[in-house]
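Here is how the chains run, residue by residue.
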Amino acid sequence: MMGRKDGQLRMIMMDIEELIPENHLLRKIEKNINFNFIYQKAESYYSSKGRPSIDPVCMIKMLLVGYLFGIRSERRLEEEITLNLAYRWFCGFDLMDKIPDHSTFSQNRKRRFQDSQIFRDIFNEIVIQCIEKGIVTGENVVSDGSFIPANVSWESRTEVTTIIEQSTVKYLDVLDEELSQLPGYSQPVPTKKEKTELKSKTDKDCGYIHHERKKGLGYLTEMTVDTKHGIITGVDCYSANRRESDIILEHIQRQMRETGIQIKNIALDAGYDVGAVHRGFELMGITDYCSVREQHNNAMKKGFAYCADTDTFICEQAKQLRFTKITYKKTNQNYYRIYSLPSKECKDCQHIKRCAVDHGAIRINASGFYPAYYANRQRFKTPKYKVMKQLRSIWSEGTFAALKNQHNLKRAKKRGIHRVSEECLLSALALNLKRMVRAFYLWFRSSVLIPNSALS
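Everything numeric here is computed off the predicted structure, so don't read it as measured data.

Looking only at helices and strands, the chain has 14 helices and 14 strands in total. Along the longest, intermediate and shortest principal axes, the C-alpha atoms of the chain span 110 × 65 × 50 Å. Here the chain holds 456 residues, and 46% of them are scored as buried. Put simply, 70% of the contacts in the chain that link residues at least 6 apart link residues at least 24 apart. Here the chain has roughly 25,100 Å² of accessible surface; of this, 49% comes from carbon and sulfur atoms. Computing the positive centroid from 71 side-chain charges and the negative centroid from 54, the chain places the two 4 Å apart.

This is how it looks when you write it as structure tokens:
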């Protein structure tokens, strides 16, 4: 006998939570993370008068669903949350609730959250919770930058010529203070120069980059990852034409100030191999393990050896070139350490033709922070460096791959550095939530499998 549905409507009383599988990602996130702190973070952006707005926790959770499951379009996000019971439940809506319109997100960005810090505050709060729970330790971290193509057409490019004031790179105030105490220091004189840059007519904040493996208009996002469980501890966004070595110290200092993380060791690629960067990490109490770059004008190639204990260069004839002063070169706006020895002491040396002679002295120009620069080259030879390099290849490259392939960071959706920063923060937050849940699971599993008697 053929069956046929009678089409009669029935009223059912049910709890939507009962329909969500126990192993669903959103159920795990909701179980382990309390998002009520968002009310306090968002309080200053709402008026005490007027009609109640959309619950800010619900709105942030809706955005997170988009980044957790790779939903790029906010129109599609509205549809998915309307149809998907797990999304509805996680965002705090029942079956009878109407899902907020996609225009709500854009209006809140324009009117309420424009140029605000709320997304960074939420990101930092999750990192702080990870630190308090021991998921983030700061023992070993890796940091790197990645190019994010801007949401612009290549045809929108235009050449912009401006007059800029060139001066030394500002890394940290404490580094400038240290340089000013050295003999030979002179205040750098900024020089004005005409500079032509490639910009976009539709997104004036993005910059042009032309490297071997990346080219185009876009942004540079700098991120730091704690290697214990892969939690991203810091996110910053810049125009793509910025150098990574110029921004790394402020990037690390900012996350230490805002989250309280105590970083001990950090792994970096060769793009950060700059004396000021190494010295900056020393002053912050961080040991950096940075890949080294080949230097063309290297004193070691001419037979010199460096003695870190005495801060001197020693030639093949055992003559010592001592540090005498620092000098400022206007051509590249950099400070250099001068190591010298009167040339009359080397008049009978057969290798003197290989040495640089200036004003009656054998001279070596080295990085303004050469002792720290040399110390990194010594660490480069240690087993610890190999460990840190392996961690960098796993967590740095793996994290950016996950963010771009799974969490909407392959290309910017918005325009303007503030909105692209928001995208980077939300993408990193989504990945952090997934890795947090996994870390909680591993901790719970180990605590169940290992009896308390074995731990005592």
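When the pLDDT values of the chain are averaged, the result is 86; 90% of them are 70 or greater. Ignoring residues within four places in sequence, the model shows residues 452–456, a span with pLDDT below 50, making one contact including any to other chains.

On to the nonpolar core. By size, the foremost hydrophobic cluster in this structure holds 101 residues, and its most contacted members are Ile29, Phe35, Met223, Ile232, Leu249, Ile252 and Phe281. At 13 residues, the largest contribution of residues to this core is made by helix α13 (residues 417–449). The contacts of Leu249, once residues within four sequence positions are left out, are Tyr171, Leu172, Leu175, Ala276, Val277, Gly280, Phe281 and Met284. In this structure, Phe313, Tyr339, Ile364 and Tyr373 belong to the second largest nonpolar core, which totals 16 residues.

Before going further, it helps to examine the packing of helix α7 (residues 118–132) against helix α9 (residues 244–259). Contact geometry of α7 with α9 gives a least axis separation of 9 Å together with a crossing angle of 70°. Viewed along their axes, α7 and α9 adopt a mutual orientation that is roughly perpendicular. The segment α7 lies against α9, with Arg120, Asn124, Val127, Ile128 and Ile131 engaging Arg254, Glu258 and Thr259. A class-by-class count of the residues in the contact of α7 with α9 yields three nonpolar, two polar and three charged.

Taken as a whole, helix α1 (residues 25–32) has its buried residues at Leu26, Arg27 and Ile29. Within α1, the buried residues cover an arc of 160° as seen down the axis, which keeps them to one side.

Time to look at unusual backbone geometry. Positive phi, close to 70°, is recorded for Ala318, a residue that is not glycine. With respect to the helices and strands, the residue Ala318 is situated in the loop between β10 (312–314) and β11 (320–329). According to the relative accessible area criterion, Ala318 is exposed, its value standing at 58%.

For Lys61, the position within the fold is in helix α3 (residues 56–68). The spatial distance from the C-alpha of Lys61 to the C-alpha of Glu79 is 15 Å, given a sequence separation of 18 residues.

Tracing the chain through its elements places Phe90 in helix α5 (residues 85–91). Sequence spacing of Phe90 and Asp288 is 198 residues, and the spatial spacing of their C-alpha atoms is 41 Å. For Phe90, the residues in contact, after removing those within four places along its chain, are Leu26, Ile29, Glu30, Phe35, Lys61 and Val65.

Along the chain, the position of Phe323 falls in strand β11. Taking the C-alpha atoms as reference points, Phe323 and Ala366, separated by 43 residues in sequence, lie 9.8 Å from one another. Those residues in contact with Phe323 that sit more than four places away from it in its chain are Pro183, Asp311, Arg337, Ile338 and Tyr339.

Right, let's get into the side chain of Ser146. Mapped onto the secondary structure, Ser146 falls in strand β1 (residues 140–149). The class for Ser146 is buried, based on a relative accessible area of 7%. At a separation of 2.6 Å, a polar atom in the side chain of Ser146 contacts the side chain of Lys404.

Within the structure shown, the criterion is met by 15 aromatic pairs. With a centroid separation of 6.4 Å and an interplanar angle of 90°, the aromatic rings of Tyr306 and Tyr339 are classed as edge-to-face. Here Tyr339 lies in strand β12 (residues 334–342) and Tyr306 lies in strand β9 (residues 305–307), a separation of 33 residues in the sequence. Measuring from centroid to centroid gives 4.7 Å for Phe380 and Tyr385, while their planes differ by 55°, and the two rings are tilted. Among the residues examined, Phe380 registers a relative accessible area of 33% and is labelled partly exposed. In textbook terms, an aromatic cluster arises when at least three aromatic residues are bridged by ring pairs, as seen for Tyr306, Phe313, Phe323, Tyr339, Tyr370, Tyr373 and Tyr374. The ring of Phe90 is capped by Lys61, whose NZ or CZ atom sits 4.9 Å from the centre of that ring. A cation over an aromatic ring shows up here: Lys329 above the ring of Tyr336, its NZ or CZ 4.9 Å from the ring centre.

Once that is clear, we can look at a nonpolar patch on the surface. On the surface, a cluster of nonpolar side chains totalling about 420 Å² of accessible area is made up of Leu19, Leu85, Leu95 and Met96. With respect to the helices, strands and loops of the structure, Leu85 is situated in helix α5. When its relative accessible area of 31% is taken as the criterion, Leu85 is described as partly exposed.

So, about helix α12 (residues 383–406). An ideal rise of 1.5 Å per residue puts 34 Å on 24 residues; α12 measures up with 34 Å between its terminal C-alpha atoms. Of all the bends found along α12, the most pronounced is centred on Arg392 and spans about 25°. Here α12 has its buried residues at Tyr385, Met388, Leu391, Arg392, Trp395, Ser396, Thr399, Phe400, Ala402 and Leu403.

This next bit is on the pairing of strand β4 (residues 207–210). Covered by surrounding structure in β4 are Gly207 and Ile209 only, the residues Tyr208 and His210 on the alternate face being uncovered. Note that β4 and strand β5 (residues 215–226) share four bridges and pair antiparallel. Residue Ile209 lies in a different strand from β5, and its bridge partner there is Gly216. Hairpin connection from β4 to β5: four residues lie between these consecutive antiparallel strands.

What counts and how
- Residues numbered from 1 in each chain as written.
- Predicted model: local features only at pLDDT ≥ 70, side-chain atom pairs only at ≥ 80, totals over all residues.
- Heavy atoms only, no water.
- Helix = DSSP H or I, 4+ residues; strand = E, 2+ residues; numbered from the N terminus.
- Buried < 20%, exposed > 50% of the residue type's maximum accessible area, 1.4 Å probe, protein only.
- Contact = heavy atoms within 4.5 Å.
- Areas by Shrake-Rupley, 256 points an atom, 1.4 Å probe, with all protein chains shown as cover.
- Lys, Arg positive; Asp, Glu negative; His and termini not counted.
- Charge placed at Lys NZ, Arg CZ, Asp CG, Glu CD.
- pLDDT = per-residue confidence, 0-100.
- Core = buried A, V, L, I, M, F, W, Y, C linked by side-chain atoms within 4.5 Å.
- Axes fitted to C-alpha atoms, helices over the stretch in contact; angles between N-to-C directions.
- Parallel < 35°, antiparallel > 145°, perpendicular 65-115°, else oblique.
- Nonpolar A, V, L, I, M, F, W, Y, C, P; charged D, E, K, R; others polar.
- Arc of directions from axis to C-beta.
- Polar contact = N/O pair within 3.5 Å; in protein donor to acceptor, adjacent residues only side chain to side chain.
- Phe/Tyr/Trp six-rings, centres within 6.5 Å; stacked < 30°, edge-to-face > 60°.
- Lys NZ or Arg CZ within 6 Å of the ring centre and 35° of its normal.
- Patch = residues over 30% accessible without salt bridge, like charges linked within 9 Å, V, L, I, M, F, W, Y side chains within 5 Å.
- Salt bridge = Lys/Arg side-chain N within 4 Å of Asp/Glu carboxyl O.
- Expected span 1.5 Å × (residues − 1).
- Bend = angle between axes of the 7 residues up to and from the residue.
- Pairing = 2+ DSSP bridges.

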